[in-house]
Amino acid sequence: MNANTAFMDTDFTQVLVSNVESAADANQRALTNTVISPRFYTTDFDAMDKLDVSAVRQEWDLMMQEYEGDNNHDHFQRDAEFAQEVKTLMAKLDEKLKQEFYDFLISSLTSEFSGCILYNEVRKNVTNPDIKKLMTYMARDESRHAGFLNSSLKDFNFGIDLGELKKSKSYTFFRPKFIFYATYLSEKIGYARYITIFRQLEKHPDKRFHPIFRWFERWCNDEFRHGESFALIMRANPKLLEGVNVWWIRFFLVAVYATMYVRDHTRPALHDAMGFKSTEYDFEVFRITSEISRQVFPILLDIDHPQFKVSLDKLTALSLTMSLAKAQGGWLNRVKQGYCAVAASVEFARLYFLPVIKSKLPTQVRLTPTW
Ligand SMILES: [Fe+2]
Ligand SMILES: [Fe+2]
C-alpha cells in the first residue's frame, strides 16, 4: 500500500534531489518520509477484531478459497534468463533513467513492505477468524512481492535491510476506516499501475528495459484480490460508505490520486522509456481505478473535468519548486517553501471541492481483473 494523505504537512520536498549511489543511500531513501513517499501504518486492532463480514459471507468464502488455492505460489522466482537480461538491458540505460528506476524499485518495495507489516500486525493482534485468515494471506503475498523487488535492488548492491527499516521508519496511526479507504485504493491503484505497464510492454517488448516487468501480470492479480478483500469489508459495513464518510472517501480519493500524480511526474524518463508520458500513464491508471472503485465507493472523481488536470499540474510544479528551494537553502528559499506550502493547500482544496460523479453500488461486489 502506498496511500499518503499528508498533504497538510509542510514538507513537500526531497523529490529526487540526490542520486542513489550506494546501499546506504537506498536505505536512507526507503526510510525517509516525504509527502509523496510510501509510509508505514498502524491501527486500532480491537476495532479490527470486531469486524463482521457475515453480510457478504458467500462472496467472502469464495475469495478465501482463492487465497487458499495460492495460484501465485511459484511465481516469484527468477527464471534462467533474468540475470542475463538485467546485465544486457541495464548496460544500455543512461544515468537519469537508472536513477528513476532505482527510485521506482525503492518506493515500490517500501510500499509492498508497508502492507506486509500492517497485515502482519493485524494478524498477530486479532482473534476474529475471518480477519486473521485474511491478514495471514495478504501478508504472505506482500512479503513475496517485497522480497522479489529487494532481490532486484540487490543486483545493483542496493539491497534494503527490511528488519532495520521496520524498526526505524516512523508509523502513522490510522483509524480502521481510514485504513480501509486508503488501502483499498492503494491496492487497486497498484493493480492498475502494474497492469498498465504490463500491457504497454506486451505491445512494445523492445521497451522492456528490465525483466521484472515480465512478472507484473500475475503479480497484480494479487493486488487486485487484496483490494477485493477491503471492498467486501466495507460493503459488509455499509455505514462506512454513507453520510459524513462520503466526504472522507472523497478526501482519500483526492489525496491518493494527487500523490501518485506528483510522484510519477518526478520520473519522466522512466515513463518515456516505456513509451508513454507520465500524464498519459497516470490518467489511464485513474480511469481503471475509477471503473473498479464503483464496486464500493458511492462517488467517483471527475477526472475529465478540465480543472482536475490543471490543479494536479499546479501541485506538481509547486512540489518541484519546493524541492529546489529546500535543496538551495537560505532564508529566501525558506520563504518560498512556505509560500508553496500554502499554495499547495489551496490547490488541494480546489481539487477536493470539484464536482464528483455519483455512482450506484452494484449488488454483486466482486470483480474479475480483466483490464
Ligand atoms: Fe503487493
Ligand atoms: Fe497488495
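Peer 1: It is not clear to me how the overall build of the chain should be interpreted in this structure. Could you clarify?
Peer 2: If you tally the helices and strands in the chain, you get 14 helices and 4 strands. Relative to the 2.2 N^0.38 estimate, which gives 21 Å for 371 residues, the radius of gyration of the chain is 20 Å and therefore close to what a compact globule would have. Along the first, second and third principal axes, the C-alpha set of the chain runs to 55 × 50 × 40 Å. Across the 371 residues of the chain, 42% fall into the buried class. Nonlocal contacts in the chain, meaning residues at least 24 apart in sequence, comprise 83% of its contacts between residues at least 6 apart.

Peer 1: Honestly, the packing of helix α1 (residues 23-31) against helix α5 (residues 95-125) in this entry has me stumped. Any pointers?
Peer 2: Orientation of α1 relative to α5, taken along the N-to-C sense of each, is 50°, at an axis distance of 9 Å. Between α1 and α5, the angle falls in the class oblique. For the element pair α1 and α5, the recorded crossing hand is right-handed. Facing Ala26, Arg29 and Ala30 of α1, the residues of α5 in contact are Tyr102, Ile106, Leu109 and Thr110.

Peer 1: I tried to follow the environment of Arg287 on my own but got confused; where do I start?
Peer 2: Along the chain, the position of Arg287 falls in helix α12 (residues 278-293). Exposure remark for Arg287: the 15 C-beta atoms within 10 Å place this residue in the partly exposed category. For the pair Arg287 and Met135, spaced 152 residues apart in sequence, the C-alpha to C-alpha distance is 28 Å.

Peer 1: Where do I start with the confidence of the model for the chain in this structure?
Peer 2: Any region with low pLDDT has predicted coordinates that should not be read closely. This prediction gives the chain a mean pLDDT of 93; 95% of its residues lie at or above 70. Between residues 1-16, whose pLDDT stays under 50, and residues either more than four places distant or in other chains, the model counts 57 contacts.

Peer 1: Mind showing me how you'd approach the packing of helix α10 (residues 244-264) against helix α14 (residues 331-352) here?
Peer 2: The description of two helices packed together rests on the angle between their axes and the distance between the axes. With their axes 10 Å apart at the nearest point, α10 and α14 run at an angle of 125° to one another. The angle between α10 and α14 falls in the class oblique. Between α10 and α14 the crossing geometry is right-handed. In contact with Arg250, Phe251, Val254 and Ala258 of α10, α14 contributes Phe348, Leu351 and Tyr352. Along the lines of polarity and charge, the residues of the contact of α10 with α14 split into 6 nonpolar, no polar and 1 charged.

Peer 1: I tried to follow α14 on my own but got confused; where do I start?
Peer 2: The periodicity of an α-helix, 3.6 residues per turn, causes residues three or four positions apart to be oriented the same way. Taking 1.5 Å as the rise per residue, α14 with 22 residues should run 32 Å; its terminal C-alpha atoms sit 32 Å apart, in good agreement. Within α14, the full set of buried residues consists of Gln337, Cys340, Ala341, Ala344, Glu347, Phe348 and Leu351. Buried positions in α14, seen along its axis, are confined to an arc of 135° and lie on one side of it. Away from the buried face of α14 by more than 90 degrees, exposed residues Trp331, Leu332, Val335, Val342, Val346 and Ala349 are located. Looking at the packing, one finds that the buried side of α14 touches α10 and α13 (306-328).

Peer 1: How should I be thinking about the nonpolar core in this particular structure?
Peer 2: As a rule of thumb, nonpolar side chains are buried together in soluble globular proteins. Core analysis: the biggest nonpolar cluster contains 88 residues, and Leu109, Val256, Tyr257 and Ala258 have the highest contact counts within it. A total of 13 residues in this core trace back to one element, the largest contributor, which is helix α8 (residues 176-203).

Peer 1: Mind showing me how you'd approach α13 here?
Peer 2: For α13, which comprises 23 residues, the first-to-last C-alpha distance of 34 Å matches the rise-based estimate of 33 Å (1.5 Å per residue) to within 8%. Within α13 the residues assigned to the buried category are Phe308, Ser311, Leu312, Leu315, Thr316, Leu318, Ser319, Met322, Ser323 and Ala325. Check the buried side of α13 and you find it contacts α10 and α14. Looking one or two residues beyond α13, the residue adopting positive phi is Gly329, at roughly 70°.

Peer 1: Any chance you could explain the environment of Thr316 here in plain terms?
Peer 2: With respect to the helices and strands, the residue Thr316 is situated in helix α13. For the pair Thr316 and Thr259, spaced 57 residues apart in the sequence, the C-alpha separation amounts to 9.2 Å. In contact with Thr316, not counting residues within four places along its chain, are Tyr261, Val262 and His265.

The rules behind each value
- Residues numbered from 1 in each chain as written.
- Chains lettered and ligands numbered in written order.
- Predicted model: local features only at pLDDT ≥ 70, side-chain atom pairs only at ≥ 80, totals over all residues.
- Helix = DSSP H or I, 4+ residues; strand = E, 2+ residues; numbered from the N terminus.
- Rg over C-alpha atoms; globule rule 2.2 N^0.38 Å.
- Buried ≥ 20, exposed ≤ 12 C-beta atoms within 10 Å, placed from the backbone.
- Contact = placed C-beta atoms within 7 Å.
- Axes fitted to C-alpha atoms, helices over the stretch in contact; angles between N-to-C directions.
- Parallel < 35°, antiparallel > 145°, perpendicular 65-115°, else oblique.
- Left-handed = near helix turned anticlockwise from the far one by under 90°.
- pLDDT = per-residue confidence, 0-100.
- Nonpolar A, V, L, I, M, F, W, Y, C, P; charged D, E, K, R; others polar.
- Expected span 1.5 Å × (residues − 1).
- Arc of directions from axis to C-beta.
- Core = buried A, V, L, I, M, F, W, Y, C linked by C-beta atoms within 7 Å.

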